[in-house]
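Summary of structural features
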Amino acid sequence: MAGETGTLIRRYRRLNARKLFVLVALFAIMIGFALVGLTQGSANLGWKGAIESLWRNTGDAHAIIWNLRLPRIAMAVVAGWGLALAGTVFQAILRNPLASPYTLGIASSAGFGAVAAIVTGTGFYNEYVIAGNAFLCALFSSFLILGVARMKGSTTETLVLAGIAIMFLFSSLSSLFQYMGTKEEVHAIVFWFFGSLSKVGWKEIGMASAMVFVPCPFIYRMSLDFNLLAVDDESAVSMGVNIGKTRIVALVLASLITAGAICFIGVIGFIGLVSPHIARMIVGGDHRYLFPTAALLGSSLVLAADTVGRTLWAPQVIPIGIVTSFIGVPFLFYLLMRRRKEYW
Amino acid sequence: MLVIRSLGTFYRKRRILIDIDMDLKTGEVLSLVGPNGAGKTTLLKCCVGILTPGEGTICIDDQDVTCLNGNTRARRIGYMPQSSPSRFPMTVFDTVLMGRRSHMAWNPSRHDLEIVETLINAMNINHIAFRNFDHLSGGEQQKVLLARAFAQEAAYILLDEPTSNLDLKHQFELMDMVARMAATESRGVMVAMHDLNLASRYSHRIAMLSGGRICFVGTPFEVLTPDIIKDVYGVTVTVTRVNGHPYIMPSTHIITDRRSNT
């Protein structure tokens, strides 16, 4: 029985309008989390005082907001955005629901790159060297993973095992630096193993945002290609996608984003794995909506995790990476057990 | 006209296709039949650009297909894969819309959406238009993939076993649709399939592949003869004429053959 003309189109448009609404709502949630984060901290500024200090010079409160809390919040937004976006890209091009910067070891290798730059370059702390080195190491692991993925007979599990191997390799290399380093160096890099938002200034944030946000429009433009790549290679090729080129461009951009997200704050796990899945449950698999939804979710999750980490045992601050693991590990188990039938 | 000349491919130094010469006219339904591993799927994949031919040419209106960029090729040749394992959720509507990729910039136009809607209605899958593709039955998925191939609006459409998961009624429904599209919109359709009777019923011409070569091309009556089938499949059959089409029925002693194999 053929439907009335236009009914499907109307329904399609209505669904998309709903997805757009989700995006707006998520943006509002993110802003909300950022404001909550702004008011929480060891100095009790109160809601009004904290928000007011954003634009009025109120002395100490103004300094706390602008030099301590706002950088933290900005970095949380950038890092969450980047990790979630990179996770979505990795999942699509590797066609693997368990892929993410963390599970593939790409975050660890970017972390190692940064640690190596910090330790070997003590004396001249240069954010360009740190970021560049993190990017190169992330790129190396990305292509290693792509190579494993294209090997014959490679399955979802092979890829994740390869990722774990890479993660171990680079974590131990980072540990080696920690073991050999001087006391000051160790102090400078120990936060890498848990991830910490405490040490960033505006200079680093500028650098990290450039690395995370500049690739965004390029990735977003390829949304339709990602839709097809996430299905299978044959479909993608027959619809005109240059899969080789798209994969490589996407991997380079995702590595850059990953490096930007973590090179100044250390490895934050699971955000890149969890956000795309939750986003897919809300808006479906169309990457035109999936990318922004996942990114906003990622930022909100990191903001929330950071606020929880700062307030739970205040004034003790729990490193952000530990908090996200508490959310992420159960979710990973859930994916492994419950979704198994659906995904592979 | 889609013209294939002395096409050959290799897979790890083994020849898969040898010296294929074939034409596909617009408005024609041509079936590729032959035993498993004869090279049917490989031939289709070469035409779509999924595999690169080792030798020979594939041309559309004197233009070499392998030299076209992806988008241009996708607008000339539509393709329906055997199956499409999906790992991530995607609605039927979005899946069919993917067929429009080579036509649309980033956002689908009203025209794109109308084409998708028309095809979904024509395939009788409008009741599942917003369900997830991977939650559908195999038959429904094949209809969606066929709609996606038609959405490419290409002059030539290559279908890889489009009816393998369909029951009797849906087989005929789908092939009727294919035949109608070929006739009314004068598209050239190449169909790889196993069911000789279905091929006989719907094809203008049949190409019989065996061991990577095209051994016979012609009308169903020319190709589907007991001798040729015995030769290619090693099966003794009786061919009768039903409703103006050859009808193939395996002879009884095939069953004893099968028993001796197991």
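Residues numbered from 1 in each chain as written. Chains lettered and ligands numbered in written order. Predicted model: local features only at pLDDT ≥ 70, side-chain atom pairs only at ≥ 80, totals over all residues. Heavy atoms only, no water.

**Some points on the overall build of chain B**
The number of helices and strands found in chain B is 10 helices and 12 strands. The dimensions of chain B, computed from C-alpha atoms along their principal axes, are 55 × 40 × 35 Å. Burial status across chain B gives 54% buried among its 262 residues. For chain B, the proportion of contacts with a sequence separation of at least 24, taken over those separated by at least 6, is 64%. Carbon and sulfur atoms make up 50% of the accessible area of chain B, which totals about 11,400 Å². Charge separation in chain B, taken as the distance between the mean sites of 28 positive and 26 negative side-chain charges, equals 4 Å. (Helix = DSSP H or I, 4+ residues; strand = E, 2+ residues; numbered from the N terminus. Buried < 20%, exposed > 50% of the residue type's maximum accessible area, 1.4 Å probe, protein only. Contact = heavy atoms within 4.5 Å. Areas by Shrake-Rupley, 256 points an atom, 1.4 Å probe, with all protein chains shown as cover. Lys, Arg positive; Asp, Glu negative; His and termini not counted. Charge placed at Lys NZ, Arg CZ, Asp CG, Glu CD.)

**Quick word on the confidence of the model for chain B**
All names here are of chain B. For chain B, the mean per-residue pLDDT works out to 89, and 96% of the residues sit at or above 70. A low-confidence stretch, residues 258-262 stays under pLDDT 50, and its non-local contacts, those more than four residues away or across chains, total 0 contacts. The ipTM value of the predicted complex is 0.87, and its pTM value is 0.90. (pLDDT = per-residue confidence, 0-100.)

**Examining the environment of A:G240**
Position of A:G240 relative to the elements: it lies in the loop between α11 (233-238) and α12 (243-262). In this structure A:G240 comes out as buried when scored by relative accessible area, which is 8%.

**Some thoughts on the interface of chain A and chain B**
On the chain B side, the residues contacting the 45 residues of chain A number 45 residues. Between chain A and chain B the total buried area reaches about 3,800 Å² when both faces are included, carbon and sulfur atoms providing 59% of it. Contact with chain B buries area across many residues of chain A, yet A:L8, A:Y12 and A:M239 alone supply 19% of it, more than any other trio. Applying the counting rule to chain A against chain B returns 2 salt bridges. In this structure, B:R101 and A:D225 form a salt bridge, with 2.6 Å as the shortest nitrogen-oxygen distance. Applying the counting criterion to the chain A and chain B interface returns 13 residue pairs in polar contact (both at pLDDT 80 or more). For the side of chain A that touches chain B, the secondary structure elements donating two or more residues are α1 (7-39), α9 (215-221), α10 (223-229), α11 and α16 (340-343) of chain A. Looking at the side of chain A that touches chain B, the element that brings in the most residues is α1(A), giving 8 residues. A class-by-class count of the residues in the side of chain A that touches chain B yields 17 nonpolar, 14 polar and 14 charged. (Buried area = accessible area lost by both parts, 1.4 Å probe. Salt bridge = Lys/Arg side-chain N within 4 Å of Asp/Glu carboxyl O. Polar contact = N/O pair within 3.5 Å; in protein donor to acceptor, adjacent residues only side chain to side chain. Nonpolar A, V, L, I, M, F, W, Y, C, P; charged D, E, K, R; others polar.)

**Some details on the sheet that holds strand β10 (residues 213-218) of chain B**
Across a sheet, strands are paired by hydrogen bonds formed along the backbone, either parallel or antiparallel in direction. All names here are of chain B. With mixed pairing, 6 strands are arranged side by side in an open sheet as β6-β7-β8-β3-β9-β10. Of all strands in the sheet, those with a lone pairing partner are β6 (77-80) and β10, marking the two edges. The mean inter-strand angle of the sheet, taken between neighbouring strand axes irrespective of direction, is 15 degrees. Bridge count between β6 and strand β7 (residues 156-160): 4 bridges; the pairing is parallel. Within β7, the position partnered with Y79 by the bridge is L158. Contacting β6 and β7, helix α5 (residues 138-151) runs over the sheet at an angle of about 170 degrees to β6. (Pairing = 2+ DSSP bridges. Axes fitted to C-alpha atoms, helices over the stretch in contact; angles between N-to-C directions.)

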